[in-house]
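Here is how the chains run, residue by residue.
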Amino acid sequence: MSNIRHTAIRHTAIRHTAIRHTPTAPTRAKALAAGERIDAHRHDDHQIVYAGSGVLAVTTDAGTWFAPGNRAIWVPAGTVHAHRAHGHLDLHLVGLPAGDNPPPDSVRGYPHLASLGLDAPTVLAVSPLLRELILAYTRDPSDDSPERDRLLAVLRDQLRASPQQPLRLPTPTDPRLAAVCALVHADPADPRTLAVLGTATGVGERTLSRLFRSEFGMTFPQWRTQSRLYHALRLLAEDTPVTTVAHRCGWASASAFIDVFRRSFGYTPGTHNRRP
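Notes on the structure in this doc start here. (Residues numbered from 1 in each chain as written. Predicted model: local features only at pLDDT ≥ 70, side-chain atom pairs only at ≥ 80, totals over all residues. Heavy atoms only, no water.)

Attention shifts here to the overall build of the protein. Scanning the protein from terminus to terminus reveals nine helices and 12 strands. For the protein, with 276 residues in total, the buried portion stands at 49%. In the form shown here, the protein has an accessible surface area of approximately 13100 Å², with 53% of it arising from carbon and sulfur atoms. (Helix = DSSP H or I, 4+ residues; strand = E, 2+ residues; numbered from the N terminus. Buried < 20%, exposed > 50% of the residue type's maximum accessible area, 1.4 Å probe, protein only. Areas by Shrake-Rupley, 256 points an atom, 1.4 Å probe, with all protein chains shown as cover.)

Here we come to the sheet that holds strand β7 (residues 71–75). For sheets, the rule is that strands pair by backbone hydrogen bonds, running either parallel or antiparallel. The strand order across the open sheet formed by six strands is β2-β9-β4-β7-β10-β11, and the pairing between neighbours is antiparallel. Of all the strands in the sheet, just β2 (28–32) and β11 (164–165) have a single pairing partner and so form its edges. Examined bridge by bridge, strand β10 (residues 122–125) and β11 share two bridges and lie antiparallel to one another. Following the sheet pairing, Leu-124 is matched in β11 by Gln-164. (Pairing = 2+ DSSP bridges.)

A separate point is the packing of helix α4 (residues 175–186) against helix α6 (residues 205–216). As a packed pair, α4 and α6 sit with axes 10 Å apart at the nearest point and diverge in direction by 95°. Taken together, the axes of α4 and α6 lie roughly perpendicular to each other. Only Thr-207, Leu-208, Leu-211, Phe-212, Glu-215 and Phe-216 of α6 make contact with α4, whose side of the interface consists of Arg-176, Leu-177, Val-180 and Cys-181. A breakdown of the residues in the contact of α4 with α6 according to their chemical character gives seven nonpolar, one polar and two charged. (Axes fitted to C-alpha atoms, helices over the stretch in contact; angles between N-to-C directions. Parallel < 35°, antiparallel > 145°, perpendicular 65-115°, else oblique. Contact = heavy atoms within 4.5 Å. Nonpolar A, V, L, I, M, F, W, Y, C, P; charged D, E, K, R; others polar.)

Moving on, we come to helix α9 (residues 254–265). With 12 residues, α9 should cover 16 Å at 1.5 Å per step; its first-to-last C-alpha distance of 16 Å lies within 8% of that length. Within the sequence span of α9, burial applies to Phe-257, Val-260, Phe-261 and Phe-265. For α9, the angular spread of the buried residues around the axis is 110°, confining them to a single face. Counted as exposed and oriented over 90 degrees from the buried face of α9: Ser-255 and Arg-263. Against β6 (63–67), β7, α7 (220–237) and α8 (242–248) lie the buried residues of α9. Downstream of α9 by one or two residues, Gly-266 has phi in the positive range, about 85°. (Expected span 1.5 Å × (residues − 1). Arc of directions from axis to C-beta.)

Strand order in this open sheet of six strands is β1-β3-β8-β5-β6-β12, and the pairing throughout is mixed. Every interior strand has two partners, whereas the edge strands, β1 (20–21) and β12 (168–170), have only one. In this sheet, β12 lies alongside β6 in antiparallel orientation, the contact comprising three bridges. The residue bridging Trp-65 from the neighbouring strand is Arg-168, located in β12. With respect to the sheet, α7 is in contact with β5 (55–60), β6, β8 (81–86) and β12, its orientation differing from that of β12 by roughly 120°.

Next up on the list: the pairing of β5. Within β5, six of the six residues are buried, which leaves it mostly tucked inside the rest of the structure. Residues Val-55, Ala-57 and Thr-59 of β5 are buried on one face, and the alternating residues Leu-56, Val-58 and Thr-60, pointing to the opposite face, are buried as well. As paired strands, β5 and β8 are joined by five bridges and run antiparallel to one another. Among the inter-strand pairings, Val-55 is bridged to a residue of β8, identified as His-86. Where β5 and β6 come together, five bridges link them in antiparallel fashion. Along β6, the bridge assignment pairs Leu-56 with Ala-67.

A few words now on the side chain of Ser-227. Mapped onto the secondary structure, Ser-227 falls in helix α7. Accessibility expressed as a relative area gives 0% for Ser-227, which makes it buried. Within the structure, Ser-227 has its side chain in polar contact with the side chain of His-185 (distance 3.2 Å). Ignoring anything within four residues of it in the chain, the contact list for Ser-227 reads Leu-169, Val-184 and His-185. (Polar contact = N/O pair within 3.5 Å; in protein donor to acceptor, adjacent residues only side chain to side chain.)

On to the pattern of salt bridges. As enumerated under the stated definition, the model contains six salt bridges in all. The closest approach of N and O atoms between Arg-150 and Glu-147, which form a salt bridge, is 3.8 Å. With Arg-150 and Glu-147 both in helix α3 (residues 146–160) and three residues apart, the pair spans about one turn of that helix. Across the pair Asp-259 and Arg-263 runs a salt bridge whose closest N-O atoms are separated by 3.1 Å. Of the two residues, Asp-259 and Arg-263 are both situated in helix α9; the distance of four residues between them amounts to about one turn of the helix. (Salt bridge = Lys/Arg side-chain N within 4 Å of Asp/Glu carboxyl O.)

So, to be careful, I would describe these as geometric facts and stop short of saying anything about function.
Written out as C-alpha cells, the structure is:
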C-alpha cells in the first residue's frame, strides 16, 4: 500500500460555517509554506490564482482543481473556495471585477469586449508571457499608474487566449461512487480494476462506469489518471525522486510516468522543481 494520505481530496467538501466574505478579490503576491492553507472564503470579484513555485490546489464543493507553475486557476465571482500549498508556494493573486467576465451572448458583435465567459473554476495554461505579466502586475498592488493599467489590458488579452486544461478532481455525490474514489485516493498505486473495486464496495462495474460518466464526465481510467497526476505533483513538490513517485502513484515504470506527465503538463517531472 502507498503511504500517501489523501487529505486534500478526502475532505474536499467546503464547510459552510464562518466563511469569510471579502467583497474585493485582492491583487497581491503571498508566500505559503508547504501544507499551509487559506480557509474557505468568497469574493464578489473574479480571481486568477497562480503559483510561481510549488503546486496549488483550489477546492470548492464541486471538486479540487490543481495547477503546477505553468497553469493558473480561474475562480469566478461568488465561488466559495479554499487554497492549499504543496511544496513552498509563491502565490500570485489577480482580482478582476465581475463585469470582466460577461457571457458570450452579451458581447456578440463587440469582439473588443469579449472575455473568458467562464462560470466555473477552470485551469488555464500560462505562457511565458502571461507568467511575466502576472508577476509584474502583482509586484506592487498600490501602483495606480497608466502603465499598470496597460499591463492589465495585455494580461486580460493573454487570459482570453489561454487554453483550458482538464486538471480537476470532481467531488462525488453518489455514495457508491464516493466509496470507490476513496479507495483509489487512499492508495494511488492500487492496480485493481473497476470490476474488482466494485466487488469490494458491493456495486456492479456497469453501475460504477455509468456513475463516472454521469457525475464526472469521464471514464474510470481517465479519472484515475487525473488522481494519480495530482498525487504525483504533490510528491514532486516535496522533492520526492521521480522513480519513487512513479512507483507510489501506480505507473508500471518511470518511463511510463514521464510520458503521461509530459503529455499532461508539457514538461518532464524531473524538471518540475527547477522551472522558473
